[in-house]
Amino acid sequence: MDRRRFLARSLVLAGGAALAGFTGLPAQAAAPRPGLGLVGAGGPCYPANRAPLQREPFLRLPPGSVTPGGWLAEQLRLQLNGLNGRMPEVSDYLGTQTSGWSVPSQTGWEELPYWLRGFGDLGYVTGDSATIEQAKAWIDRILATRQSDGFFGPAALRTSLNGGPDYWPYMPVLDALRTWYEYSGDTRVLDTLTGWLGFLNTLPGSQFSLGWGSARVGDTIDAAYWLYNRTGDSSLLDLVRTMHANSADYTHTIPTWHNVNLAQGFREPAQYGVLAGDPSLRAATYRVHDTVMGAYGGFPGGGFAADENARPGFHDPRQGFETCGIVEYMRSDELLHRMTGDPVWADRCEELALNLLPAAFDPEQKGTHYITSANGVQLDDVAKSHGQFDNAFAMQAYMPGVHQYRCCPHNYGQGWPYYAEEAWLASADGGLCASLYAESTVRAKVADGTEVTFTEHTEYPFGETVDLRLTSPKPLTFPLYLRVPGWCARPSVKLNGRAVQATSTGGYLVLNREWRSGDQLRLTLPMSTAVHRWPANGGAVSVSRGPLAYSLRIDEQWTRFSGTDDWPEYEVRAGSPWNYALQLDPEDPARSLSFSTPAVPPDAANPFTQDTVPARITAKARRIPTWRTDDQNVLAPLQPSPARVPAGTPAQQVTLIPSAAARLRITAFPLAGSGPSATPWAAVDASYSGVDSPQALLMNGAAAVPTDSYDQQLPRFTWWGHTGSAEWVSYTYAEPVTATAVQTYWYDDTGHGACRVPQSWHLDYQAPDGSWHPVPDPSAYGTAKDTFNTTSFAPIRTTALRVVTQLQPTVSAGLLAWRVTTT
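Computed from a prediction, not measured in an experiment: that's the story for all the values here. (Residues numbered from 1 in each chain as written. Predicted model: local features only at pLDDT ≥ 70, side-chain atom pairs only at ≥ 80, totals over all residues. Heavy atoms only, no water.)

## With respect to the sheet that holds strand β23 (residues 568-574)
Formally: When DSSP finds two or more bridges between a pair of strands, those strands are recorded as paired. Strands are runs of DSSP state E lasting at least 2 residues, helices are runs of H or I lasting at least 4, and numbering of each runs from the N terminus.
Pairing is antiparallel in the open sheet, where 3 strands are placed in the order β7-β23-β22. Two strands close off the open sheet at either side, each with one partner strand: β7 (378-379) and β22 (556-563). Of the pairings in the sheet, the one linking β22 to β23 comprises 7 bridges and is antiparallel in character. Bridging across to β23, tryptophan 558 finds its partner in valine 572.

Laid out in structure tokens, this is it:
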């Protein structure tokens, strides 16, 4: 088993390995596999790729084939009774007389398509008749808008993108229509898709370079393949070639850093490669994924740091991942798993679903938020614009948010239904694949087209065994593929109580045999507690067991600040300390951790809350008093580990819980240390913080080297919009340090804005009585641009230093870096 495909962004610290001796794995660790070696002799029992499209190892089963149980069924029940299932009660985008998707003269864009895509599959996977009937009613309305040239939906979309059609909002509509066809066999869908894709085929290629659709065109490519496989219309392949040639280019570059664009778009080269047959296209998708995650995914949970747009320097786990990004990334992983047969994509889907998705909602799924972070200690209805987020609106309170968050409340509904449907897949050789483990029953055709049933009992991801029982009308020979997660080193299989040797191929255990009704299989996936190091974020550490990341259990104080009894709006604040560094055995970090399975209420169906989660880990930790929140209650960025903990700080026992059950969370921890090898963590404050946060000085760290004083690739701190005033910025340490020099790299945007180097400045230190004094015997206080200005002085023992500036008249000033030399 190639464990690197699970650990490419981090480094596992195993027994016998010293913490200081590790370096990161290469970003390309999860290289594309040559392809899954299918072992069965049969052909597909479900629609598969026609020539010249390359064969997909796995095929999607019709909606309704998988019936979830256990915790997955509970997530779907919460969704039925929550925001997605009752969205028409709260969203004015779904009015039957006001939406352009039912009345073309009205307006309409992505909101209803987003909602309908998840809502329909929610009905199919749960069998809820009211949901299915409501989805059908909307599909009937949409199909009725079809025009003679194939166009349908809101009339305004025909010319809304530079005089041509905006084809982006049709992508989720096509998904909704396709799954409806797969569920019902409604042939109107084939006619409507034929008309729409034919309409797109009449457009100039340049139209596909415009709008959101350009970055997300893989969705339409998938729809074109789907229709081609059912009709054989080769003009659809010409459309695919046109779209690929003119849309955003992921094959040679990363054309966008918008998180949802990336979550959907990175797979486009591999999708086009199904037609083109060029293996470099598939490799491009792996490369884009690894580049993005290598730069911005340096923390547990499977997301990357892009509150809306990934930005250079903003890679700390306090940054967030949009809820739309979570579910779109999951969908891309699901599609790529079927397309490539590489189980790394199922691993990645599982990582997102089991660590991030539940925490994106309140426990009743009555509200969501825009952003979920690996590290976050206050979720309130306040904009976090001083360095955490790229947008100036509040993103973290739990609420229906159909206008404030807009896309996410409508779009999140695809997450759990698609996950349930992808739990089982058909294989192209007439078999089945157990893909995403959860309590479930699947009814599917195998071998000669005979339908069989597998019933799956498991406590996964909290337990390590998966039990399968077959019901079949007759003996049948077919392969059963069992995904082995990348974290699992020693899987084993028993058949009817006896150990069997399964074939191992491409990350799966495969049993290709004659099956009989009543056969029972037990798959064991041994789990162990592991500690991971994250080099990209100062060597922070995280804890996992099996597929689950673990977060600090923080007392969550929920306050309803607005909303109604049916649709409450919540803020969540910390009621217990959170600023802990883990104290680990350097020779065997996992030995410092104790795993247990606490008793939970017997009627607890949802394991993703603090009170009902059936697993925990205890650890020793020590607090870092200078790891604080800023003026907007956002925790400060991680600084290098090990972090120097003040002498005499006692070790405390802390509890870690699966991070999906933690709405407030510390998931990437500092490592506690002492002595000269440990870094004293500073708290940073400033006289004024308007647009740019002083936390940027911690984010950039001692290793940052600006290209010049107008470097736009690094976070910056400025006193803008104060001009001509006296200002300061300070570092405060938890215990005294001996400082001998500082280096300042001034921000100056001459020709672009109104920041200049300061008129003058000096350095103060804080005396034990709290008073401030100039450092003794300083060398010159430089104000040169495009370089570090070094000022040395007589050694001074202090707990705080501050740069005091006099700004030039009518302009402001700022810093890209401020380094302190200590002994």
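## Section: the pattern of salt bridges
It is possible for side chains bearing opposite charge to pair when their charged atoms get close. For clarity, the threshold we go by: Any Lys or Arg side-chain nitrogen located within 4 Å of an Asp or Glu carboxyl oxygen qualifies as a salt bridge. Under the scheme applied here, a residue whose accessible area is under 20% of the maximum for its type counts as buried, over 50% as exposed, and between as partly exposed, the area being computed with a 1.4 Å probe on protein chains only.
One pass over the full model with this rule turns up 38 salt bridges. Between lysine 136 and aspartate 140 there is a salt bridge, with the nearest N and O atoms lying 2.9 Å from each other. With a gap of 4 residues between them, lysine 136 and aspartate 140 both fall in helix α4 (residues 129-143), about one helical turn apart. Residue classification places aspartate 140 among the partly exposed residues on the basis of a relative accessible area of 25%. Aspartate 222 is paired through a salt bridge with arginine 178; the nearest N and O atoms lie 2.7 Å apart. Of this pair, aspartate 222 sits in helix α8 (residues 218-231) while arginine 178 sits in helix α5 (residues 170-184), and the two are 44 residues apart along the sequence. We classify aspartate 222 as buried; its relative accessible area is 16%. Among the ionic contacts, a cluster of salt bridges with common partners joins Arg117, Asp175, Arg178, Asp219, Asp222, Arg267, Glu328 and Arg331.

## What about the sheet that holds strand β9 (residues 432-434)?
The sheet built from 6 strands is open, its strands ordered β2-β8-β9-β13-β17-β16 with mixed pairing. Pairing within the sheet leaves two strands with one partner each, and these edge strands are β2 (58-59) and β16 (503-505).

## What to know about unusual backbone geometry
Geometrically, the link from alanine 51 to proline 52 is a cis peptide bond, its omega value of 10 degrees lying close to zero. With respect to the helices and strands, the residue proline 52 is situated in the loop between β1 (11-13) and β2. Look at the link from tryptophan 720 to glycine 721: it is a cis peptide, with omega at 5 degrees. Of note, glycine 721 is situated in the loop between β32 (717-718) and β33 (726-747).

## Some words on the pairing of strand β28 (residues 652-658)
Relative to β28, strand β21 (residues 548-552) runs antiparallel, the two sharing 3 bridges. Following the sheet pairing, tyrosine 550 is matched in β28 by proline 658.

## Section: the nonpolar core
General note: in soluble globular proteins, nonpolar side chains tend to be found buried as a group. Quick note on the threshold: Nonpolar cores are built from buried Ala, Val, Leu, Ile, Met, Phe, Trp, Tyr and Cys residues. Side-chain atoms within 4.5 Å join them into one set.
Core analysis: the largest hydrophobic core is formed by 225 residues, its most contacted members being Trp196, Tyr419, Trp424, Leu482, Leu521 and Trp818. By size, the runner-up hydrophobic cluster in this structure holds 9 residues, among which are Leu38, Phe58, Ala428 and Tyr508.

## Digging into the pairing of β21
Looking along a regular strand, one sees side chains alternate from face to face of the sheet. Burial analysis of β21 places 5 of its 5 residues in the buried class, which makes it a mostly covered element. Sheet analysis places strand β20 (residues 540-545) next to β21, joined by 3 bridges and oriented antiparallel. Its bridge partner being in β21, arginine 545 is matched across the sheet by leucine 548. Once β20 ends, the chain turns through 2 residues before running back antiparallel as β21, passing glycine 546 with a positive phi of about 60 degrees.

## Quick word on the packing of aromatic side chains
What counts is decided by this rule: Each aromatic pair joins two rings of Phe, Tyr and Trp (for Trp, the six-membered one) with centres within 6.5 Å, and gets the label stacked for planes under 30 degrees apart, edge-to-face for over 60, and tilted for any other angle. Lysine and arginine charges are scored as sitting over a ring when NZ or CZ, respectively, is within 6 Å of the ring centre and within 35 degrees of the ring normal.
Throughout the structure, instances matching the rule amount to 48 aromatic pairs. Aromatic side chains phenylalanine 717 and tryptophan 719 sit 5.0 Å apart centroid to centroid with 75 degrees between the ring planes, which places their arrangement in the edge-to-face category. The exposure classification of phenylalanine 717 matches that of tryptophan 719, with both residues buried. By way of ring pairs, the aromatic residues Trp101, Phe151, Phe152, Tyr170, Trp196 and Phe199 are connected into one cluster. Above the plane of the ring of tryptophan 345 lies arginine 348, whose end atom (NZ or CZ) is 4.6 Å from the centre.

## Points about the state of the cysteines
What counts here: Cysteine sulfur atoms are paired as a disulfide whenever they fall within 2.5 Å.
Applying the stated criterion to the full structure yields 0 disulfides. Not part of a disulfide, cysteine 407 finds its nearest cysteine sulfur in cysteine 324, a span of 3.6 Å. Residue cysteine 433 stays outside any disulfide, its sulfur separated by 13 Å from that of cysteine 349, the closest cysteine.

## Comments concerning the packing of helix α3 (residues 111-126) against α4
Geometry of a packed helix pair, given as the angle between the helix axes and the separation of the axes. Going by this rule: Every axis in this analysis is a line fitted to C-alpha atoms, fitted for helices over the stretch in contact. Angles between the N-to-C directions lie between 0 and 180 degrees. Between 65 and 115 degrees an angle is taken as roughly perpendicular, under 35 as roughly parallel, over 145 as roughly antiparallel, and anywhere else as oblique. By convention the crossing between two helices is left-handed if the near helix lies anticlockwise of the far one by an angle smaller than a right angle, and right-handed if it lies clockwise. Should any heavy atoms of two residues lie within 4.5 Å, those residues are counted as being in contact. Only Asp, Glu, Lys and Arg are considered charged in this grouping, and only Ala, Val, Leu, Ile, Met, Phe, Trp, Tyr, Cys and Pro are considered nonpolar; every other residue, Gly among them, is considered polar.
Across the interface, α3 lies against α4 with an axial gap of 8 Å and an inter-helix angle of 140 degrees. Our classification of the angle between α3 and α4 gives oblique. Where α3 crosses over α4, the two elements pack in a sense that is left-handed. Of α4, the residues touching α3 (which contributes Leu112, Trp115, Leu116, Phe119, Gly120, Gly123 and Tyr124) are Thr131, Ile132, Gln134, Ala135, Trp138, Ile139 and Ile142. Taken together, the residues that form the contact of α3 with α4 break down as 10 nonpolar, 4 polar and no charged.

## Focus on helix α12 (residues 279-296)
Put simply, the rule is: Expected span of a helix, by definition, is 1.5 Å for each gap between consecutive residues, and there is one gap fewer than residues.
Over its 18 residues, α12 extends 26 Å from the first C-alpha to the last, a length consistent with the 26 Å expected when each residue adds 1.5 Å. Among all positions of α12, only Leu281, Arg282, Ala284, Thr285, Tyr286, Val288, His289, Asp290, Val292, Met293 and Tyr296 are buried. Buried residues in α12 make contact with α9 (235-246), α10 (259-265), α11 (268-276), α13 (323-340) and α14 (344-355).

## Observations concerning the environment of threonine 618
By secondary structure assignment, the location of threonine 618 is in strand β26 (residues 616-623). Assessed through its relative accessible area of 18%, threonine 618 is described here as buried. Note: C-alpha distance between threonine 618 and alanine 682 (64 residues apart in sequence) is 28 Å. Apart from residues no more than four positions distant in its own chain, threonine 618 is found in contact with Ser592, Leu593, Ser594, Gln653, Val654 and Thr655.

## Overview of α11
The buried count for α11 comes to 8 of 9 residues, which makes it a mostly enclosed element. Residues of α11 that are buried: Glu268, Pro269, Ala270, Gln271, Tyr272, Gly273, Val274 and Leu275. On the buried face of α11, the contacting elements are α8, α9, α10, α12 and α13.

## What to know about the environment of threonine 821
As for its position among the elements, threonine 821 is in strand β37 (residues 814-822). C-alpha separation for the pair threonine 821 and alanine 581, spaced 240 residues apart in sequence, amounts to 24 Å. When sequence neighbours within four positions are dropped, the list of residues in contact with threonine 821 reads Thr738, Ala739, Thr740 and Ala741.

## Brief notes about the side chain of serine 641
Note the threshold: Pairs of N or O atoms are called polar contacts if they sit within 3.5 Å, as long as, within protein, a hydrogen donor faces a hydrogen acceptor (for residues adjacent in sequence, only side-chain-to-side-chain pairs).
Summarising the element assignment, serine 641 is placed in the loop between β26 and β27 (643-644). Only 3.0 Å separates the side chain of serine 641 from the backbone nitrogen of leucine 671, close enough to count as a polar contact.

## Let's talk about the side chain of asparagine 49
In this structure, asparagine 49 sits in the loop between β1 and β2. Within the local environment of asparagine 49, its side chain forms a polar contact with the backbone oxygen of glutamine 54, the two atoms lying 2.7 Å apart. For asparagine 49, the side chain forms a polar contact with the side chain of asparagine 229, separated by 2.9 Å. Once residues within four sequence positions are removed from consideration, asparagine 49 is found in contact with Gln54, Arg55, Glu56, Asn229 and Val274.

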